[in-house]
Amino acid sequence: MFTFLPPKKEFMKEFRNPCWKGRDLDNEEKLFCIPYFYIIGFTKCGTTDLFAILKNHTHVSSRAGKETHYFDRLRRGRIIRMNRKPTRLPVSFLSWTNAGRFRANLISTYRHDPGSDVLFHGITMDATPSAVWDNEYWEIFHPGYREPPVTNPDVIATINPDSRIIVSLRNPISRMQSAYQFFCAFHVYQCDRPVTPEKFHNLVVEAVRMFQNCQKTNTDRGCVYSTETHQLATHLYASIYSVYLADWLKAFPREQIHVMMFEEHIHDEISSINSICDFLGISRFPVDYMKKYLEEHKVRNSLSDSNRIPYMLTETRQLLLDFFKPFLDDLVKLLGDEKWYWNMYN
């Protein structure tokens with residue numbers, strides 16, 4: 001992977017986006033580019049909506065990829081579908097860099113600013129909402145380790161330490177329930193249908209018990225990344241935000257990671273998108289454009305009533321509140337704001 005990537009000093013100064021000239025497998029010179037920023041997750045936290053909005057920005061490539069799954073799956077020989085072992089050759093880094101694919105989009109953003117070497121101001125993104133947590137089957141590549149020695153942020157930071165990272169967090173219990181409903185509806189997991197509060201409760205009890213049994217012999221981080229704990233439809237592990245974010249914050253400085261609260265985003269999408277545009281260093285969308293766009297693209301729940309849990313049992317919610325509390329304590333310390341309790345413990 002890294003032998004194909006040139007040193008950062010060889011990125012073309014004419015492009016704001018990290019791009020370079022290289023030769024493809026046919027020895028033809030091409031323009032290669034990697035994303036300027038990544039929307040890394042979390043799953044079921046509004047990343048599809050965020051991707052759709054940003055893709056309409058004049059300086060964000062319309063050829064940007066949604067759920068490319070290169071870093072979390074394809075580079076390790078896994079298929080795009082989750083919970084699948086590596087069964088094929090890894091997708092090459094050369095192939096993923098989209099030889100020439102972004103060229104027309106980036107060149108269309110030409111603007112000459114006196115005193116600046118940058119001529120092409122467009123940027124590209126990758127929006128794979130499982131990139132933040134999915135390092136499944138890492139044990140095959142690092143046998144004997146209790147925790148993964150290398151995770152997705154380490155790889156992305158090695159490729160480009162200046163990458164910008166956007167991550168969306170949602171009430172962990174709400175996110176978990178939403179993920180369960182979604183993955184059952186689309187047959188990602190084998191679920192006993194119809195989904196009911198009682199069936200969900202039993203699965204939550206099983207997931208919590210499995211995780212706590214893991215904690216008896218392993219670290220919290222080891223259990224969060226354990227492929228075994230990722231096999232249950234409850235998606236419990238992906239709501240343990242603090243462990244994953246700690247790894248991303250070790251790989252990137254805090255100012256390069258924009259942490260968004262999903263609930264704040266849907267309450268005031270214009271302010272939220274403005275904040276992201278400022279973070280990326282691109283112009284804000286005109287207010288009238290955003291109002292029209294949001295009116296025409298109102299988010300609708302695609303699940304039928306039969307695929308939704310009508311309510312959550314009191315005992316299920318209490319079990320999850322107790323389980324997540326120490327991890328939310330860590331998250332509050334990590335991000336320095338008690339809003340990350342989501343007012344659940346008042």
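Just above sits the structure.
Bear in mind the structure is a predicted one, so any value in this text is a computation, not a measurement. (Residues numbered from 1 in each chain as written. Predicted model: local features only at pLDDT ≥ 70, side-chain atom pairs only at ≥ 80, totals over all residues. Heavy atoms only, no water.)

One pass over the full model with this rule turns up two cavities of 30 Å³ or more. A207, M210, F211, T229, L232, T234, H235, L236 and Y237 together form the lining of the largest cavity. Partitioned by chemical class, the residues of the lining of the largest cavity number six nonpolar, three polar and no charged. Taken as a whole, the second largest cavity encloses approximately 50 Å³ of empty space. In this structure, the second largest cavity is lined by Y38, I39, I40, T68, H69, Y70, F71, D72, D126, T128, A131 and I156. Tallied by class, the residues present in the lining of the second largest cavity amount to seven nonpolar, three polar and two charged. (1 Å grid on protein atoms, 1.4 Å probe; cavity = no way out; pocket = protein on both sides within 12 Å on 5 of 7 lines; lining within 4 Å. Points joined across faces, edges and corners; volume = space filled by probe spheres on them. Nonpolar A, V, L, I, M, F, W, Y, C, P; charged D, E, K, R; others polar.)

Attention now goes to the side chain of D72. Checked against the element boundaries, D72 lands in the loop between β4 (65-66) and α2 (93-96). One polar contact links D72 to S130, side chain to side chain, over a distance of 2.5 Å. Discounting residues that sit within four places of it in the chain, D72 has contacts with R78, T128, S130, A131, D134 and N152. (Helix = DSSP H or I, 4+ residues; strand = E, 2+ residues; numbered from the N terminus. Polar contact = N/O pair within 3.5 Å; in protein donor to acceptor, adjacent residues only side chain to side chain. Contact = heavy atoms within 4.5 Å.)

For the rest of this paragraph, the subject is the environment of H235. Locating H235 in the fold gives a position in the loop between α8 (220-225) and α9 (241-251). For H235, a relative accessible area of 0% gives the class buried. For the pair H235 and L119, spaced 116 residues apart in sequence, the C-alpha to C-alpha distance is 45 Å. Here Y237 takes part through its side chain, which lies 3.3 Å from a polar atom of the side chain of H235. (Buried < 20%, exposed > 50% of the residue type's maximum accessible area, 1.4 Å probe, protein only.)

All told, the structure shown has two disulfides when counted by the stated rule. Note that C19 is cross-linked by a disulfide to C33, the S-S spacing being 2.2 Å. Where C19 bonds to C33 through sulfur, the torsion about that S-S bond is close to 105 degrees, and the disulfide is right-handed. Of the two residues, C19 is situated in strand β1 (residues 19-23) and C33 in strand β2 (residues 29-33); the sequence distance between them amounts to 14 residues. For C33, a relative accessible area of 2% gives the class buried. The disulfide bridge from C214 ends at C223, spanning 2.2 Å between sulfur atoms. Negative torsions about the S-S bond denote left-handed disulfides, and the value of about -100 degrees found for C214 with C223 makes this one left-handed. By relative accessible area, which is 15% here, C214 ends up buried. What makes C223 buried here is its relative accessible area of 0%. Cysteine C45 remains unbridged, with the sulfur of C184 as its closest cysteine sulfur at 17 Å. Look at C45 and you get buried, because its relative accessible area is 0%. In this structure C277 is not part of a disulfide, and its nearest cysteine sulfur, from C19, lies 20 Å away. (Disulfide = S-S within 2.5 Å.)

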